[in-house]
Each structure stands twice: as C-alpha cells, then as structure tokens.
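# Coordinates in review
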Amino acid sequence: MITIEALKAFGADVEQGLTRCMNKEDFYLKLVEKAVKDPAFEALKNAVEAKDKEEAFEAAHRLKGALGNLALTPLCEPVNEMVELLRNKEEADYPAFLERIETGRKTLEAMI
Amino acid sequence: MSEFAYPKKLKRRILIVEDEEINREILANILEDYYEVSCAENGAQALQLLREHTAPYSLILLDLLMPVMSGEEFLTEIKADEQLSGIPVIVMTSEKPAEVSSIKMGADDFITKPYDSPEVILARCERIIQLYEDNSIIRSAEKDELTELFTREFFQEYVRQIDSYDEAADDAIVINIEHFHMINEMFGRETGDEVLKKLAGMLLRVFGNGTCIGCRPDADYFYLYVDHRDSYDNVFAGLSEELAGYSHIPKIRIRAGIYQNVDRHISIEDRFDHAKLACDRIRGDYTKQINYYSKELNDADLYHERLINDIDDAIANRDLIVFYQPKYGIQSEKPVLRSAEALIRWKHPELGMISPGDFIPLFESNGLIQKLDHYVWREAAARIRDWKERFDYTLPVSVNVSRVDIYDPELEQRLLDILEENGLSTSELMLEITESAYADDAKGLTEVINNLRNRGFKIEMDDFGTGYSSLNMITSIPIDVLKIDMSFIRNMNKDEKSRKLVELVMDIAKFIKVPAVAEGVEDESQLKALKEMGCELIQGYYFSRPVPPEEFEKFIIDEKEN
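Okay, so let's go over this structure. Since the structure is predicted, the reported quantities are computational estimates derived from the model, not experimental observations.

Cut-offs and rules
Residues numbered from 1 in each chain as written. Chains lettered and ligands numbered in written order. Predicted model: local features only at pLDDT ≥ 70, side-chain atom pairs only at ≥ 80, totals over all residues. Heavy atoms only, no water. Pairing = 2+ DSSP bridges. Helix = DSSP H or I, 4+ residues; strand = E, 2+ residues; numbered from the N terminus. Axes fitted to C-alpha atoms, helices over the stretch in contact; angles between N-to-C directions. Core = buried A, V, L, I, M, F, W, Y, C linked by side-chain atoms within 4.5 Å. Buried < 20%, exposed > 50% of the residue type's maximum accessible area, 1.4 Å probe, protein only. Contact = heavy atoms within 4.5 Å. Buried area = accessible area lost by both parts, 1.4 Å probe. Salt bridge = Lys/Arg side-chain N within 4 Å of Asp/Glu carboxyl O. Polar contact = N/O pair within 3.5 Å; in protein donor to acceptor, adjacent residues only side chain to side chain. Nonpolar A, V, L, I, M, F, W, Y, C, P; charged D, E, K, R; others polar.

### Looking at the sheet that holds strand 4 (residues 89–93) of chain B
Paired through backbone hydrogen bonds, the strands of a sheet run either parallel or antiparallel to each other. Residues and elements named next belong to chain B. Spatial ordering of the open sheet is given by 2-1-3-4-5, a layout of five strands whose pairing is parallel. Each edge of the sheet is formed by a strand with only one pairing partner; in this case those strands are strand 2 (35–40) and strand 5 (109–112). Here the strands of the sheet are splayed against their neighbours by 20 degrees on average, with no regard to which way each runs. Both strand 4 and strand 5 contribute to a ladder of four bridges, which runs parallel.

### With respect to the nonpolar core
In this structure, Phe363, Tyr438, Leu530 and Phe552 of chain B are the most contacted members of the largest nonpolar core, which totals 83 residues. Take this core: its biggest share by element is 10 residues, from helix 15 (residues 369–391) of chain B. Those residues in contact with tyrosine 438 of chain B that sit more than four places away from it in its chain are Ile433, Leu445, Ile449, Ile459, Met461, Met473, Ile477 and Ile479 of chain B. Ranked by size, the runner-up nonpolar core spans 62 residues in total, among them Leu67 of chain A together with Ile26, Met92 and Leu122 of chain B.

### Topic: the sheet that holds strand 8 (residues 221–227) of chain B
Residue and element names in this part refer to chain B. If you walk across this open sheet you meet the five strands as 7-8-6-9-10, and the pairing is mixed. On the outer flanks of this sheet lie strand 7 (212–218) and strand 10 (290–292), each paired with one strand and no other. Ignoring which end each strand starts from, the neighbouring axes of this sheet average 20 degrees apart. Pairing analysis gives three bridges linking strand 9 (residues 254–259) to strand 10, with the strands arranged parallel. Paired with glycine 257 across the two strands is asparagine 291, which belongs to strand 10. Sitting on the sheet, helix 8 (residues 152–165) touches strand 6 (170–177), strand 7 and strand 8, and the angle it makes with strand 7 is about 150 degrees.

### Comments concerning the interface of chain A and chain B
With 22 residues of chain A at the interface, the matching set in chain B holds 18 residues. Between chain A and chain B lies a buried interface of about 1,900 Å² when both sides are counted; carbon and sulfur atoms form 56% of it. Of all residues in chain A, the largest losses of buried area upon contact with chain B belong to Arg20, Met22 and Asn69 of chain A, amounting jointly to 30% of the total for that side. Joining chain A to chain B, the criterion identifies five salt bridges. Of the charged contacts in the structure, one is a salt bridge between glutamate 20 of chain B and arginine 62 of chain A, with a shortest N-O distance of 3.5 Å. Counting across the chain A and chain B interface gives nine residue pairs in polar contact (both at pLDDT 80 or more). For the side of chain A that touches chain B, the secondary structure elements donating two or more residues are helix 2 (14–20), helix 3 (25–36) and helix 5 (53–70) of chain A. When residues in the side of chain A that touches chain B are grouped by element, the largest group, 10 residues, is from helix 5 of chain A. Residues of the side of chain A that touches chain B, tallied by class, amount to eight nonpolar, five polar and nine charged.

The quantities given are spatial measurements derived from coordinates; they are silent on function.
Next comes the structure, spelled out in structure tokens:
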C-alpha cells in the first residue's frame, strides 16, 4: 500500500497534495493510486509511438492536470516539459521523456 | 425572511465540467460540503445535463481542454442559449492565453491548475454566485414577487435538496384562505395582496425556527415543507383572528391540510396533493381548521373520483333508478294519496347500491348534480305520463331543483320542454328547492321562482328549519309548500324543543297560507300529533319507504279502488 512516507521519499510535495484533498489522507492516497493507473499514460505512449503530436499533447495535458494537483513532482517535471514542446509541435526526443515518466510511474506502482 | 426562504441546509448547485477524473474528484471533495455538485466529462455531456435538468445551476466550473466538445465550444454554446447564458462560468486552466480568449467569450473568473488551496476555490465560487444572485434574474424568478416565497419550480428543487441532505422526517402542509376571492371582490385586489403578504409573514414567524421552505403555487394557496411535528394543535390557532384584525375583514379564516411524515418514495407533487386533499376537504367547515391526510381520506377521494368518472355511464346505462315515496293528505278521515317525491338511487354494476348520501353531496359540490337533476326530471315526467296513460290517474311528482339549476338561464325552458314531450302541465311536476338556497341569495332566487310560478309551477321549500332563513324572508318569498325537515319530526315526541319547533313551523305555514308537509314520519303517534297541529301532508316510512315505480303502482291502484 502506498503511504504518505513513501510518497515523501519519492519526492512528492505531499503537503500541497494533501491540502488540495482537504487533508484527507485516505482520499489523497486513493487518488494517487488512481493516477498511477490513469489510461492517459498508455494513450501518451501510443501517440508518441505513432508520432501523433496532437493526440500526445491531449494525453500529456490531462496527465499534467491530475499529477499537478496531486503534487507528484518527479512525474510532473517531464510531463510539463512534454506539454510545452507538444503544444508548439516541436521535434524532440519524446521517447526519452516517456522513459523518465514510465520510471516514475513504475516506482509508484511498485508501492501499491 | 431570509431564514425562511433560504434555510441553511439548502445548497446551491454547481456543475463541474472536466475530463480528468482525478481533478473532478478533488474539486467535488472541496465543494460538496457547501454545494450540490454534479459532474460532466465534456462539454456535450454538460450541455445535456444543463438542458434536461429543470433545476437551476448557480455556477459552472469549466476545464478548457476536453475531448468531444472543448470548453471553448461549450462556452460559445451556453452564451448563445437564452436559458443558460445567465449561469456564471469559472474557467480552470494553466494556460495564460486561454484565459484571455475565454474571458472574451464570457467566462467570469479563473481557477489555476494545479489548484489553489481549497479556501481560495471556495471563496471564488461563493463570490461569483453572490455577485450573480445579487443583481440577478435568477433570484427574481426564484421568488414570488408578492410574498417573497419561492416560486413553484424553485420550491420543488429545494424540497429535493432537503430530501437528499436531511434524513429527518418532514411534513407537507397546504394552507388556504377561505373565501379569498370575496376579499378581492369586496375590498379590492390591493387588500387581497396585503392579506397574502401578511399571511406569508405570519407563517415565517410560526415556522421560521426549523427547516421550512414555502411557496405560493397559486392565488391563495401556500405550500410549506417543514420538520415533522406530531401535533399542530395551537400552531395555526390565532392566525385567522390576527389576519382578520389586521385586514379588518372579520370573517377571514385560514385552513390547513397536513400530510405528516411524508413518504419520500412518492413525488413531491403527490405529497402536496395529499396535503391539499386534506385541506380542501374541510372547505366551508367552520368547526375544523386543521385536517390531517390519511389513507382513509385518500381512499374516500379515490372512491369519489370513481363515482365522478362513472356518472355518465350510469345515466347512459340507466344504473340510476328513480324511486318514489308517496305523500298522503291526513286531514280527511282516511289518508288520501296526493303526490309523490322522486328520489334517486344508484345501482352500480360493480359497487352495488350506492347510498345517495355518498354521491349527492359530492355532485352538489362539483356541479355534476345538474346532470343528475335533469335525468330525474325526465324520468319523473315520463313516469307521470305512463301512470296517466295506464291508470288514467294524475299523480303530481316533486323533483329536486339544486342550487346550480337555479342559476341556469335555460332552467325554465328545460322544464317546459320536458313537460311538452310528455304532454304534461306545469302543475304536475312540482319543484323542491332547499331552504339554504333561499338563504344564500334570496333576491336572485325570488326572481327565478316568480318566473316559474307565473308559468304555473308549484314550489316547495325543502328541509325547512335547517337553513337559517329569517322570518322576514319567509314572509316575502314566493312558495307554495313548506316541507319540515325530518330531523324535527324524528325527535318531536322525544323532546319538547323539537315538538315546539314543529308547532312553530305549522304556525308559520298557516301565517303565510301554504300547506305544510312533514317528512320522515315513522309512527302513528307522530301522525296523530301532526294531524292535531293541522299538518296537511305527510311523507315517511309510516306510509311507505321510497319504492321503485313498479312497486309504487299499488298505491295508485288502492287509491283508485277506494
């Protein structure tokens, strides 16, 4: 089970996330678990593989909102960068971003 | 009045439009203690919710980037929609350029992503809702301008909210002002409006402490939805007097129908229908101010509905049967058959014999009695003719003329047509009019009766002694026969008062020089006493109960043989 301590160790800004969740720990942790399984991760991966920047932008944007609100900082950083690049349809090493994101996600998944 | 109109428990309704589930959950969690929250995953779903929901939303929280229909498209749509354009929108975004474009499209404020602290979000929502309501169209449609109570739609919505937040039992109350239209007519509309306003204020005072919402769905009806109480004794006491004192209208009176411990499985409308049924049931009953809804009351109502529905079939299928009760002259040595009274009976194909006491007052109250009366007139006229033809014997029959008939401009012609069809004269069909009709509108009635009498009809005043006519009126009104109500006859040999009253009526009859008929005569001692008093005609079980026409023929045959 994910714990507050483990999230802190992961690098999440737990205090901020908890505040948004009206300091309900269970509620916050439940949402983190949900975020780990967010289908937007899969959608982002598929879009990058298909080199569909528009789809990728939408998926990344969704993740940005949810991860940001939960203050899962290590995941937010690569996702936010991706969103800006994709918004301007820039060429970049997107698979490298994906790898960073996937590493973070897997770390969290392992806590579940 | 704010406490009354907006109990603390009532929550405004907010719609969250956001495609990311986690964000929806976080927002809903922040808002749900203070608002009624609904969610949509995209603009199209949100539009559907807004349009199919009769309940008003006070605020929309809108994400901009969503599949199916984006926030921007959604904004454009609702701002062009007359019904929805008045709902404020707060846009949730992390992108600066989007903020500018959405403000141009009519968004009212922003919430940034990631979200600010819950306090900030709540404060923004509250501020925008307040801002809109203070100068708003919304609030004006929410309130009845006159009384400041809710309008019907908003009232229903708030009842719904009480249902979802408050588990404690509730009562539905319907309050009505007796004879309110008279107040408007006699004292002017302004006074009528003042009375309504005053009553709303008084109800606030009485119920203001607990949960209570009120509305005025129409005219002089008030609906209240309040915390359950076991008893309402004394709750309304004094309100009628206070209202009368305030308005200087002495006869003003309010009555209340109460459906306690409402069943939340039935619709809000049904709950108030129940209370209204109880309220309307005591209309005109000055002994009762409060009536509680019960299953029996409902059953009685359903039964009445059934009778109302079945009346046309009953006439068409001749399930209504006219019975006849003889009236005998008693001043000669032997009683002489003089006439008969036509009385209706209902042999219902499924319900069996229905007592006239069950359907006549009902049909009198809703005007259907007119149909019944016409039917009886036709039947009685045909019967008189039939007896004339078969027995060569003319027996006048009296029929009932109800209050509604008197105001029917066609009354005279209707009666004449029926007589003509059967080759009868106006002296053969006698007309009974109840005394209370005289008391109601003596002047209008006199005119109608004079016309009928000029045509040759004989008028009998029915139920005399129960309608509070003044002696002055009795001497001036045109009648041909006085019928003493059977309640006096029944008790005349048991208590001195009834006996004196009967004597008094006999004296009145002598004074105005009309014969008196005693109804409900059951035994010889009554007959003897009445004969001594000079009563001319007698009707009652002593001679016969009302009987079907075939059975009645024996009286005619007997009479002819003697």
